[in-house]
Every structure is written in structure tokens, then in C-alpha cells.
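Residue-level structure breakdown
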Amino acid sequence: QVQLVESGGGLVQAGGSLRLSCAASGSVFSDNVLAWYRRAPGKQRELVARITRGGMTIYAGSARGRFTISRDNAKNTVYLQMNSLKPEETAVYYCNCLRGGDEYWGQGTQVTVSS
């Protein structure tokens with residue numbers, strides 16, 4: 001089992017920045033892929049960014065150039081730096097871990113961007 005705990009959400013004005021963190025604990029082996037997803041009100045959950053243990057990254061088109069995903073393998077922590085936030089990016093942001101054939105989710109952290 002892997003436990004994921006997100007932090008760093010909150011209220012920010014449009015154009016502002018937030019940094020989300022997700023700490024993984026439990027059976028966290030070295031070979032895993034960590035990611036951030038979000039679910040906006042009335043919409044489906046969508047991928048924001050993903051990072052492998054080796055640092056390879058993938059971004060959703062809307063996040064590319066404004067968001068940065070990173071990880072600290074020693075701390076089993078993944079981060080999402082979000083800049084130039086937009087009101088439509090108001091959502092619950094979830095941390096995700098893929099380890100072998102298993103998938104784990106955090107409880108989510110609310111990000112609200114005011115206009």
C-alpha cells in the first residue's frame with residue numbers, strides 16, 4: 001500500500017502562484033511514476049503533469065509553460081509549481097502514484113483561483 005498526502009492548496013488571485021506538495025509513504029518502491037490530476041466542478045478528472053523517477057515529464061497542453069512538476073526521490077515527494085493561474089483552473093488537485101500494476105490516489109487539495 002502507498003499513502004499519498006497532498007498539501008499547498010488554497011485561494012489565489014488570477015495570475016498568482018501556488019506550489020502543491022504530495023508526500024508518499026508506505027510501500028514506496030523506487031520505480032514509480034508520480035502525477036498530478038485535477039477535477040474542476042462539473043468536469044472529469046484530467047491529467048495535469050506526470051514525472052518518472054528519472055525525471056522525464058509530461059504536461060497537459062494547458063499546463064505546459066506555466067506549471068512545473070518535480071520530485072525529490074529521497075523524500076518520496078512530488079511537487080507542482082503553478083504559475084499564472086487562471087480562474088478556470090479552480091479544481092481539486094489529486095496526487096497519483098503508479099507502481100507496477102497498482103495505482104494510488106491522494107485525498108485531494110482544493111485550489112481556488114479568483115478573478
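Scroll up to find the structure.
Described in the following lines is the structure provided in the data block. Just so it is clear, the model here is predicted, and its values are computed rather than measured.

Brief notes about the overall build of the protein
Regarding its fold elements, the protein presents 0 helices and 11 strands. Tracing the protein from N to C terminus, the helices and strands come up as β-β-β-β-β-β-β-β-β-β-β. For the protein, the C-alpha radius of gyration of 13 Å lies close to 13 Å, the compact-globule estimate for 115 residues. Taken along the three principal axes of its C-alpha coordinates, the protein extends 40 × 25 × 20 Å. Relative to its 115 residues, the protein shows a buried fraction of 42%. Counting contacts in the protein only where the partners sit at least 6 residues apart, residues at least 24 apart contribute 52% of the total. When the accessible surface of the protein is summed, it comes to about 5900 Å², and 48% of that surface belongs to carbon and sulfur atoms. Measuring between centres, the 13 positive side-chain charges of the protein sit 3 Å from its 8 negative side-chain charges.

A look at the packing of aromatic side chains
Both the distance between ring centres and the angle between the ring planes are used here to describe each pair of aromatic rings. Evaluation of the coordinates by the stated rule reveals 2 aromatic pairs. Summarising the aromatic geometry, the rings of Tyr37 and Trp105 are spaced 4.9 Å apart at their centres and angled 65° between planes, so their arrangement reads as edge-to-face. With a gap of 68 residues between them, Tyr37 in strand E4 (residues 33-39) and Trp105 in strand E10 (residues 102-105) connect regions that are remote in the sequence. The partly exposed category is assigned to Trp105, whose relative accessible area is 29%.

Section: the pattern of salt bridges
Inspection of every chain in the model, using the stated rule, returns 4 salt bridges. Ionic pairing is found between Arg38 and Glu89, a salt bridge with its closest N-O pair at 3.4 Å. Of this pair, Arg38 sits in strand E4 while Glu89 sits in the loop between strand E8 (77-82) and strand E9 (91-99), placing them 51 residues apart in sequence. A relative accessible area of 2% places Glu89 in the buried class. Overlapping salt bridges, with partners in common, bring together Arg38, Glu46, Arg66 and Glu89 in one network.

What about the nonpolar core?
Core analysis: the largest hydrophobic core is formed by 28 residues, its most contacted members being Trp36, Leu80, Met82 and Tyr93. Mapped by element, the contributors of at least two residues to this core are strand E1 (2-7), strand E3 (18-26), E4, strand E5 (46-52), strand E7 (67-72), E8, E9 and strand E11 (109-114).

Here's the deal with the state of the cysteines
This structure, assessed with the given rule, holds 1 disulfide. Note on cysteine connectivity: Cys22 is disulfide-linked to Cys95, with sulfurs 2.1 Å apart. One quick way to see it: the torsion about the S-S bond of Cys22 and Cys95 is about -85°, and its sign makes the bridge left-handed. With Cys22 in strand E3 and Cys95 in strand E9, the pair connects residues that are 73 residues apart, well separated along the chain. You can call Cys22 buried: its relative accessible area is 1%.

Cut-offs used in this document
- Residues numbered from 1 in each chain as written.
- Predicted model: local features only at pLDDT ≥ 70, side-chain atom pairs only at ≥ 80, totals over all residues.
- Heavy atoms only, no water.
- Helix = DSSP H or I, 4+ residues; strand = E, 2+ residues; numbered from the N terminus.
- Rg over C-alpha atoms; globule rule 2.2 N^0.38 Å.
- Buried < 20%, exposed > 50% of the residue type's maximum accessible area, 1.4 Å probe, protein only.
- Contact = heavy atoms within 4.5 Å.
- Areas by Shrake-Rupley, 256 points an atom, 1.4 Å probe, with all protein chains shown as cover.
- Lys, Arg positive; Asp, Glu negative; His and termini not counted.
- Charge placed at Lys NZ, Arg CZ, Asp CG, Glu CD.
- Phe/Tyr/Trp six-rings, centres within 6.5 Å; stacked < 30°, edge-to-face > 60°.
- Salt bridge = Lys/Arg side-chain N within 4 Å of Asp/Glu carboxyl O.
- Core = buried A, V, L, I, M, F, W, Y, C linked by side-chain atoms within 4.5 Å.
- Disulfide = S-S within 2.5 Å.

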